[in-house]
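A closer look at the structure
Here are the chains, one letter per residue:
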Amino acid sequence: SNPALLTLQPSLAALQALGEALQTPALAQLQVGPGVAGAQALLACQAYAAASVLGQSFALPGPTGESNRYQLLPRGAVWGVPHTALGLLHQLAAALASGNRYLFTAPPVGSAVALLWAALPAAVRAQAQVCEPGQMMGDRSWAALLFEGDADALQTLSVQIAQRPGALVRIDNLTPAQLAAGACYDLTALMHEQSISTNTAAAGGNAQLMTMG
């Protein structure tokens, strides 16, 4: 990992802390889903870290005398609706890898999701927030929804979200079975594009080329 990038991007540092925590005895033995051990959660965490382009910019081809840079920026807070502990891990890792704050409603006391949440490092929990369902519906700050569940449950929630004030939000849904089989949420859905064009020549073009003729 790039130490400078981790310093500039607290969410990436938290993602690294999550991966390290999943290798500790306490979480490595954790059953994060039916027949799914912590080792699979670690692989998912590593996959999101490898796919992350947070804090990176890329040079684009362009005419002489012009610099074009492209980067992906966090879209905003992400509302997560996990059904299993593995779902919570996936959604948290996806939010961290894309630089977004993770919001979710309090899981049932004693559930696998609640036990995992309580066991996570402070650096990870600092990038997330437990909210009330009503608060989420009235909040315009979140820009994407990561959902874990079946189509019927998603349909019910989608109807409620459609009535919410503000812009439409992107919904990315995976079932527990898909997550257990190794599927991952789409990070590009959690980020938006930015391209910057800069004039790098004093005279509005390549000065050396302009003197030739």
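Details of the structure are given in the entry above.
To start, this report covers the structure provided alongside it. (Residues numbered from 1 in each chain as written. Predicted model: local features only at pLDDT ≥ 70, side-chain atom pairs only at ≥ 80, totals over all residues. Heavy atoms only, no water.)

**Quick word on the overall build of the protein chain**
Counted only if it meets this: For helices the rule is a DSSP run of H or I covering at least 4 residues; for strands it is a run of E covering at least 2, with both sets numbered from the N terminus onward. Relative accessible area decides the class of each residue, using a 1.4 Å probe on protein chains only: under 20% of the type maximum gives buried, over 50% gives exposed, and in between gives partly exposed. Two residues form a contact once any of their heavy atoms are found within 4.5 Å. Each accessible area is a Shrake-Rupley result for a 1.4 Å probe, and residues are judged covered by the shown protein chains and nothing else.
Within the protein chain one finds 11 helices and 10 strands. Evaluated residue by residue, the protein chain yields a buried proportion of 40% over its 213 residues. Within the protein chain, contacts between residues at least 6 apart in sequence are counted, and of these 74% link residues at least 24 apart. Of the roughly 10900 Å² of accessible surface on the protein chain, 57% is carried by carbon and sulfur atoms.

**Some remarks on the packing of aromatic side chains**
Formally: When two rings of Phe, Tyr or Trp (its six-membered ring) have centres within 6.5 Å they constitute a pair, described as stacked for plane angles under 30 degrees, edge-to-face for angles over 60, and tilted for the intermediate range.
Tallying each qualifying case throughout the model produces 2 aromatic pairs. An aromatic cluster of at least three residues, connected via ring pairs, comprises Y102, F104 and W117.

**Section: helix α6 (residues 112-119)**
Quick note on the threshold: Directions are taken from the helix axis to each C-beta atom, and the arc is the one they span.
When α6 is considered as a whole, its buried residues turn out to be V113, A114, L116 and W117. The buried residues of α6 occupy an angular sector of 165° when projected down its axis, which confines them to one face. Those residues of α6 that are exposed and angled more than 90 degrees off the buried face are L115 and A118.

**Section: helix α2 (residues 10-21)**
Which entries qualify depends on this criterion: To estimate how far a helix should extend, the number of its residues minus one is multiplied by 1.5 Å.
In this model α2 runs 16 Å from its N-terminal to its C-terminal C-alpha over 12 residues, within 8% of the 16 Å that 1.5 Å per residue would give. If you check which residues of α2 are buried, you get S11, L12, A14, L15, A17, L18, G19 and A21.

**Brief notes about the sheet that holds strand β9 (residues 170-174)**
Cut-off, in case you're wondering: Strands are labelled as partners when DSSP assigns at least two bridges between them. Lines fitted to the C-alpha atoms define the axes, with helices restricted to the stretch that makes contact. Angles between their N-to-C directions range from 0 to 180 degrees.
Pairing is parallel across the open sheet formed by 5 strands, whose spatial order is β7-β6-β5-β8-β9. Sheet topology places β7 (128-131) and β9 at the edges, where each strand pairs with a single neighbour. Adjacent strand axes in the sheet meet at a mean angle of 25° when their direction is disregarded. Sheet topology places strand β6 (residues 102-105) next to β7; 4 bridges connect them, and they run parallel. In the strand pairing of β7, Y102 is matched with A128.

**Points about the pairing of strand β8 (residues 142-148)**
Counting buried positions over the 7 residues of β8 gives 7, a clear majority of the element. Pairing analysis gives 5 bridges linking strand β5 (residues 77-81) to β8, with the strands arranged parallel. Pairing of V81 across the sheet is with F147, part of β8. One ladder, built from 5 bridges, connects β8 with β9; its direction is parallel. Looking across to β9, one finds that E148 is bridged to L174.

**Brief notes about the nonpolar core**
Note the threshold: Take the buried residues of types Ala, Val, Leu, Ile, Met, Phe, Trp, Tyr and Cys, join any two whose side-chain atoms come within 4.5 Å, and each joined set is a nonpolar core.
By size, the foremost hydrophobic cluster in this structure holds 37 residues, and its most contacted members are L18, L22, L88 and L120. Looking at this core, the elements with two or more residues in it are α2, α4 (38-51), α5 (85-97), β6, α6 and β8. The element best represented in this core is α5, accounting for 10 residues. Among the nonpolar cores identified, the runner-up in size contains 11 residues, and L103, F147, L154 and I161 belong to it.

**Examining the packing of α2 against α5**
Going by this rule: Nonpolar residues are Ala, Val, Leu, Ile, Met, Phe, Trp, Tyr, Cys and Pro. Charged residues are Asp, Glu, Lys and Arg, and all others, Gly as well, are polar.
Viewed as axis vectors pointing N to C, α2 and α5 meet at an angle of 145°, and their least axial separation amounts to 8 Å. Facing S11, L12, A14, L15 and L18 of α2, the residues of α5 in contact are L89, A93, L96 and A97. Here the contact of α2 with α5 is composed, by residue class, of 8 nonpolar, 1 polar and no charged.

**Side note on the packing of α5 against α6**
Filter applied, for reference: Angular relationships are summarised with four words: roughly parallel below 35 degrees, roughly antiparallel beyond 145, roughly perpendicular across 65 to 115, and oblique for the angles in between.
Two elements in contact, α5 and α6, have axes separated by 8 Å at closest approach and are oriented at 45°. It follows that α5 is oblique to α6 by the angle criterion. Here A85, L88 and L89 of α5 lie close against α6, whose contacting residues are A112, V113, L116 and W117. Here the contact of α5 with α6 is composed, by residue class, of 7 nonpolar, no polar and no charged.

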